[in-house]
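# Residue-level structure breakdown
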Amino acid sequence: MKKNIFFLIFLLVFSIKGNAQKGEDQNTTDTTKKDNIENKGLIEELKYIKQPGLANAASKIYSAERRYSISGFTEINSVTYLGEKNRGDDLELFYSNLYRFGVYFGYKITDKFIFMSELQGEFLHDGFRESGTEFNFEWIFDYLFHPSFNLRIGNYPIPIGYTNINEEPIAFYSVNRPEVERIISPTQWLETGIMFYGNFLNDQLEYNLGMTKGLDAANMVEGTWIRRGRYHSFAWPESWAGNGKLEYVGREDVKLGISAYHGNANSGRKLPDGSNFAPMVSLYSGFFGYDWSDFSLFGLVMKGSMTQTDRIFVFNNQIMGKETFGYYGELRWDIWGKFNSQKDWKLPIWIRYERLDTHASVGTGFDTEGFDRQNLQILSLGANLRPKKNIVFKGNYQIRKNLVDSPLEEANRIEFGIGLIF
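What counts and how
- Residues numbered from 1 in each chain as written.
- Predicted model: local features only at pLDDT ≥ 70, side-chain atom pairs only at ≥ 80, totals over all residues.
- Heavy atoms only, no water.
- Helix = DSSP H or I, 4+ residues; strand = E, 2+ residues; numbered from the N terminus.
- Buried < 20%, exposed > 50% of the residue type's maximum accessible area, 1.4 Å probe, protein only.
- Contact = heavy atoms within 4.5 Å.
- Areas by Shrake-Rupley, 256 points an atom, 1.4 Å probe, with all protein chains shown as cover.
- Pairing = 2+ DSSP bridges.
- Core = buried A, V, L, I, M, F, W, Y, C linked by side-chain atoms within 4.5 Å.
- Arc of directions from axis to C-beta.
- Salt bridge = Lys/Arg side-chain N within 4 Å of Asp/Glu carboxyl O.
- pLDDT = per-residue confidence, 0-100.
- Phe/Tyr/Trp six-rings, centres within 6.5 Å; stacked < 30°, edge-to-face > 60°.
- Lys NZ or Arg CZ within 6 Å of the ring centre and 35° of its normal.

## Some remarks on the overall build of the chain
Each helix and strand in the chain was counted, giving six helices and 16 strands. For the chain, the residues scored as buried account for 52% of the 422 residues in total. Taking as baseline every contact in the chain between residues at least 6 positions apart, the subset at least 24 positions apart corresponds to 65%. Taken as a whole, the chain presents about 20,100 Å² of accessible surface, with 58% of it coming from carbon and sulfur.

Put into structure tokens, the structure is as follows:
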């Protein structure tokens, strides 16, 4: 692993240095090129024009001049535990190494009818013996009727929270995605369905409104709530769910949005005795952010609920939380200008407080001491080095505490990572 990381660092640094030298030798050419690009409505340095419901690199085809586009992202993360790590039923809670990549291919069938796809792979390892591999294929067809009304059909990201759509490593500051959005609302959450989206009020507000197949409650586990309930199938859905999002996009220095998800999670199942099984999952979230000078502030809240947790237990012996919640607040300060104002680099340092509980409320009749409860309080401090808008080197330290009495205390963590989009 170390060789892979060092090799990737060498390639990234060499690329940055080469591009910088090239820019110095071709100032006039680059200035002309920049003017031409801006006149055509494109943005340099891989800062693509974001399409509603998609991340930066995933949006490339929508502003590309050619009929097709190829883009993507990759990240390599490592986690060091300062103490013995807690283990649960989901490797997502105790991995040591993470490798993730995504490749997007887009094609304009016509100027209004667009196909976009993603192949994403993820490899987790606990540094000892357990590992997990996950591959997801995202495909969508968009028909662009009007800026205020467009249609999307396919396997698209659920527009809940912030990070599930903004999943690429340049979009968040910690090495790994915030715990609230990894555990309460699983990131990389795709579902097959239909969505309507667009902008209104002079492009000040963006909306997403969709219907997808539901989750599978029989496969969920305690420690990561609905995460294991995701599943991929090309069959006609046995259960349905609705989702929606409303976001203010009128200013680049302001982030403000609310989102919701509600649906049936029975996946066509019945209890062994044939009785009704129809657990309902609801999830609500809101986020806000503000940038001023070299500082920025971001925060998110999330609350979820689930019914028929006693009947879910019949399938998998997992005690699921009837209610769950999470929130975090993050303050960032870009200090690069204090050291060197000649290069357009960024060096934000940041601090984040997180609080989440997967079992804020539990059904009656369960042993409250006998389940994997993530009742976490986390203080994270970190820094990013961003030589370009599409490359980031990350490091952070987490002070973690599980507020539930446990024979094994929650271990603090040191994390390092590299991420880029292309």
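From this point, things continue past the structure.
## A look at the pairing of strand E10 (residues 280-292)
Remark: a regular strand shows side chains that alternate across the two faces of the sheet. Direction of pairing for strand E9 (residues 254-264) relative to E10: antiparallel, over a ladder of 11 bridges. Of the residues in E10, the one forming a bridge with Gly263 is Val281. Here E10 pairs with strand E11 (residues 295-306) via 12 bridges, running antiparallel. Looking at E11, one finds that Tyr290 is bridged to Leu297. Linking E10 to E11, which pair antiparallel, is a turn of two residues; within it Ser293 sits at a positive phi near 55°.

## What to know about the nonpolar core
Residues Met220, Ile226, Tyr261, Val281 and Leu283 are the most contacted members of the largest nonpolar core, which totals 39 residues. Within the residue set of this core, elements represented by two or more residues are strand E1 (68-82), helix H4 (179-184), E10, E11 and strand E14 (375-388). Top contributing element to this core by residue count: E11, with four residues. The contact partners of Ile226, leaving out residues within four places of it in the chain, are Ile184, Pro186, Trp189, Leu215, Met220, Val281, Leu283 and Met306. Counting 17 residues, the second largest nonpolar core, distinct from the first, contains Ala57, Tyr104, Met116 and Leu144.

## Topic: helix H5 (residues 309-316)
Taken as a whole, H5 has its buried residues at Thr309, Ile312 and Asn316. Take H5 and look down its axis: the buried residues cluster within an arc of 50°, on one side only. The inward-facing, buried residues of H5 contact E11. Downstream of H5 by a residue or two, Asn317 has a phi angle that is positive, lying close to 55°.

## Looking at the pattern of salt bridges
Taken as a whole and judged by the stated rule, the model has 26 salt bridges. The residue Glu167 makes a salt bridge to Arg177 at a minimum N-O spacing of 4.0 Å. A residue pair is termed long-range when its members are at least 10 positions apart, and Glu167 in the loop between strand E5 (149-157) and H4 and Arg177 in the loop between E5 and H4 qualify at 10 residues. Like Arg177, Glu167 is buried. The salt bridge partner of Glu354 is Arg352, with a shortest N-O separation of 3.3 Å. The same class applies to Glu354 and to Arg352, which are both buried. In the salt-bridge network here, residues are joined through shared partners; they are Asp90, Glu92, Glu179, Arg182, Arg227, Arg228, Arg400, Glu410 and Arg413.

## Describing the confidence of the model for the chain
Looking at the chain as a whole, its pLDDT mean stands at 88, while 88% of the residues score no less than 70. Taken together, the stretch residues 1-44 has pLDDT below 50 and engages in 29 contacts with residues farther than four places along the chain or on a different chain.

## Observations concerning the packing of aromatic side chains
Counted by the stated rule, this structure contains 23 aromatic pairs. Relative to Tyr261, the ring of Trp189 has its centre 4.8 Å away and its plane inclined at 55°; by these criteria the two rings are tilted. With a gap of 72 residues between them, Trp189 in the loop between H4 and strand E6 (190-200) and Tyr261 in strand E9 connect regions that are remote in the sequence. For the pair Trp189 and Tyr261, a shared accessibility class is recorded, and that class is buried. Note on Phe298 and Tyr328: the rings are 6.1 Å apart at their centroids and 35° apart in plane angle, and the pair reads as tilted. Linking Phe298 in strand E11 with Tyr328 in strand E12 (residues 323-334), this pair joins segments that are 30 residues apart in sequence. Take Tyr328: its relative accessible area is 6%, and that puts it in the buried class. Each residue in the set Phe113, Phe115, Trp139, Phe141, Tyr143, Phe145, Phe149 and Phe196 is aromatic and connected to the rest through ring pairs, giving one cluster. Over the ring of Tyr231 we find Lys213, and its NZ or CZ is 3.8 Å from the ring centre.

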